[in-house]
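Fold and geometry: a report
Listed below are the residues making up each chain.
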Amino acid sequence: MDLPVDVRALLRALEAGGYAAWVVGGCVRDMLMGRTPSDWDVCTDALTGQVAACFPGHAVLPTGEKHGTVTVVLHHQPYEVTTFRTEGAYSDGRHPDTVRFVPGLREDLSRRDFTVNAMAYHPDRGLVDPFGGRADIAAHLVRCVGKPTLRFGEDALRVLRALRFAAVLGFALDAATADAVRALHPRLALVAAERLRAELDKLLCGPAAPDVLLTYPDALVSLLPTDAPDWRARVAALARLPREAALPLRLAALWAGLPAARAQETLARLKYDNRTQRRTLTPLAHWGMPLPSQRPALRRAVRGLGADAVRDLLALRLAFAMGDACAGAAADEAERAAALLQELLASGACCTRAQLAVRGDDLLVMGVPPGPGVGRALDALLDEVIEERLPNARGALLAWLQKTAEKQKSPVRHGGG
Ligand code: ATP
Ligand code: MG
């Protein structure tokens, strides 16, 4: 297993200070699986202040000092370095009451959630795998370290993490872990929204998410509408989205056709940011609208909903239509509309006020009085452009305004006159 140069340097610097240091957790799992780790975590017997002293001249940020974690920045890349620790009792199912720093690597590994996440590696000393993580990788299993009911009792988020790793890695849950998920998922209600959301997002973007969503619907019922009719059809639509589909599109697939208010309540409760909520809810609010087949109708849709929402809506409608054996025509319709949209956007066709070749100031100069009349005049111009009765060219737009003003017999007065 080849560690990046900076990670080796990190281990060496800690060892030069007289401490033990190992890479640990997800990065070891990912290396063994031939995946590129998303980040590198290091554990050590050095206390946080001692870690900082090993990196003179480098930024060492106190990102989680009460958990024994500091972030060491090397070449603009952050690395979390955490003192070996065990956690005390979790009386409320959410937070360890105490974090104890202990001398041993093994104890540190034993507090980790799953066997595949409870391994450490050192380039000279090799792999430390006290709970059979490597064998579980080979068997494609997510298995708790220790007794699953106990571990989920300590921190209920682990219920969702088990499903997240199953979805991301394409693994099954081992039998005891699966039983504990089914028994203890109501305790997810104890967990902070932000922690739930982070795991849910990763779950939904995992390649095996559809399997997990169909195998453990009850465990996810507080987060997704797994109890509503047609759950299978919605999961199947999710499975048909492009691999790179963004999170809002995935969420929208799972909520499609259901009352938008319920989706909104859940997204707000999980504290999704406004942008994600909007991007998820807009296509849902217009779920049943007739698909535009001509350029003007499509441009009106982009004007009303925004290009992203229209693109998402078409992708969703296509994903649903593809699953309906009798709806070949609907799939064709969605595909044609998507192709037309792409062409429209690529050509820079004007669909919004901001894209018009004139601005409010131009109208003021022409004598349109300041106030809501300016917006109305711009909207009237946009109507003409979208219906393709006028080109989006400054001269043509101003001439049309002038002519319209004359026709209405309310002659346009000139600015200074
Ligand atoms: P990813 O690649 O998505 O970052 P990861 O395995 O690194 O996956 P993290 O959430 O970053 O997952 O956590 C890092 C490590 O910390 C895990 O591999 C695991 O060993 C441990 N860990 C994280 N959260 C928990 C938890 N709630 N309970 C026990 N151990 C945990
Ligand atoms: Mg990680």
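None of these values were measured; they are calculated from a predicted model. (Residues numbered from 1 in each chain as written. Chains lettered and ligands numbered in written order. Predicted model: local features only at pLDDT ≥ 70, side-chain atom pairs only at ≥ 80, totals over all residues. Heavy atoms only, no water.)

Here's the deal with unusual backbone geometry
- Backbone geometry places His-76, a non-glycine residue, at a positive phi of 65 degrees.
- Checked against the element boundaries, His-76 lands in the loop between strand S4 (69-74) and strand S5 (77-83).
- For Asp-230, which is not glycine, the phi torsion reads 65 degrees and is therefore positive.
- Its location among the elements puts Asp-230 in the loop between helix H10 (209-215) and helix H11 (231-240). (Helix = DSSP H or I, 4+ residues; strand = E, 2+ residues; numbered from the N terminus.)

As for the packing of aromatic side chains
- Counting across every chain of the model gives 2 aromatic pairs.
- Each ring, one from Trp-287 and one from Phe-320, has its centre 5.1 Å from the other, and the planes form 70 degrees; the classification is edge-to-face. A residue pair is termed long-range when its members are at least 10 positions apart, and Trp-287 in the loop between helix H14 (274-285) and helix H15 (295-305) and Phe-320 in helix H16 (residues 307-322) qualify at 33 residues.
- Between Arg-164 and the ring centre of Phe-165, over which it is positioned, the NZ or CZ distance is 4.1 Å. (Phe/Tyr/Trp six-rings, centres within 6.5 Å; stacked < 30°, edge-to-face > 60°. Lys NZ or Arg CZ within 6 Å of the ring centre and 35° of its normal.)

Describing the side chain of Thr-71
- Looking at the secondary structure, you find Thr-71 in strand S4.
- Classification of Thr-71 as buried rests on a relative accessible area of 6%.
- Residue contacts for Thr-71: discarding those within four places in its chain leaves Ala-59, Val-60, Leu-61, Thr-63, Pro-78, Tyr-79 and Glu-80. (Buried < 20%, exposed > 50% of the residue type's maximum accessible area, 1.4 Å probe, protein only. Contact = heavy atoms within 4.5 Å.)

Structural notes on the packing of helix H12 (residues 247-255) against H14
- As a packed pair, H12 and H14 sit with axes 9 Å apart at the nearest point and diverge in direction by 40 degrees. As far as their axial angle goes, H14 and H12 are oblique. At the point where H12 passes H14, the crossing takes the right-handed sense. Residues Leu-247, Pro-248, Leu-251, Ala-252 and Trp-255 of H12 form the contact with H14, whose participating residues are Thr-276, Arg-279, Thr-280 and Leu-284.
- Among the residues making up the contact of H12 with H14, the classes are represented as 6 nonpolar, 2 polar and 1 charged. (Axes fitted to C-alpha atoms, helices over the stretch in contact; angles between N-to-C directions. Parallel < 35°, antiparallel > 145°, perpendicular 65-115°, else oblique. Left-handed = near helix turned anticlockwise from the far one by under 90°. Nonpolar A, V, L, I, M, F, W, Y, C, P; charged D, E, K, R; others polar.)

A closer look at the pattern of salt bridges
- All chains considered together, the criterion is met by 29 salt bridges.
- A salt bridge links Arg-8 to Asp-2, with the nearest nitrogen and oxygen atoms 3.9 Å apart.
- Across the pair Glu-388 and Arg-295 runs a salt bridge whose closest N-O atoms are separated by 3.0 Å. Residue Glu-388 is found in the loop between helix H19 (372-386) and helix H20 (394-407), and its partner Arg-295 is found in helix H15; the two are separated by 93 residues along the sequence.
- The class of Glu-388 is partly exposed, set by a relative accessible area of 40%.
- We classify Arg-295 as partly exposed; its relative accessible area is 27%.
- Salt bridges linked by common partners bring Asp-113, Arg-161, Arg-164 and Glu-199 together as one network. (Salt bridge = Lys/Arg side-chain N within 4 Å of Asp/Glu carboxyl O.)

Overview of the nonpolar core
- Counting 86 residues, the largest nonpolar core has Val-23, Leu-203, Leu-213 and Leu-224 as its most contacted members.
- Looking at this core, the element that brings in the most residues is helix H7 (residues 157-169), giving 10 residues.
- When residues no more than four places from it in sequence are discounted, the contact partners of Leu-213 are Leu-203, Leu-204, Leu-220, Leu-224, Trp-231, Val-235, Leu-238 and Leu-254.
- In terms of nonpolar packing, the next biggest core, distinct from the first, is built from 18 residues, Leu-378, Leu-382, Leu-390 and Leu-397 among them. (Core = buried A, V, L, I, M, F, W, Y, C linked by side-chain atoms within 4.5 Å.)

A few points about the environment of Arg-389
- Mapped onto the elements, Arg-389 comes out in the loop between H19 and H20.
- Those residues in contact with Arg-389 that lie beyond four places of it in its chain are Asp-383 and Glu-384.

A look at the domain arrangement of the protein chain
- Under the domain assignment used here, the protein chain contains domain 1 (1-130), domain 2 (140-223), domain 3 (236-349) and domain 4 (353-407).
- Placing a centre on the C-alpha atoms of domain 1 and another on those of domain 2 gives a separation of 24 Å.
- The interface is formed by 17 residues belonging to domain 1 together with 21 residues belonging to domain 2.
- Summed over both sides, the interface between domain 1 and domain 2 buries roughly 1600 Å², with carbon and sulfur atoms accounting for 57% of that surface.
- Where domain 1 meets domain 2, there are 1 salt bridge.
- Ionic pairing is found between Arg-161 and Asp-113, a salt bridge with its closest N-O pair at 2.6 Å.
- Considering only residue class, the side of domain 1 that touches domain 2 consists of 5 nonpolar, 4 polar and 8 charged. (Domains from an automatic or database assignment. Buried area = accessible area lost by both parts, 1.4 Å probe.)

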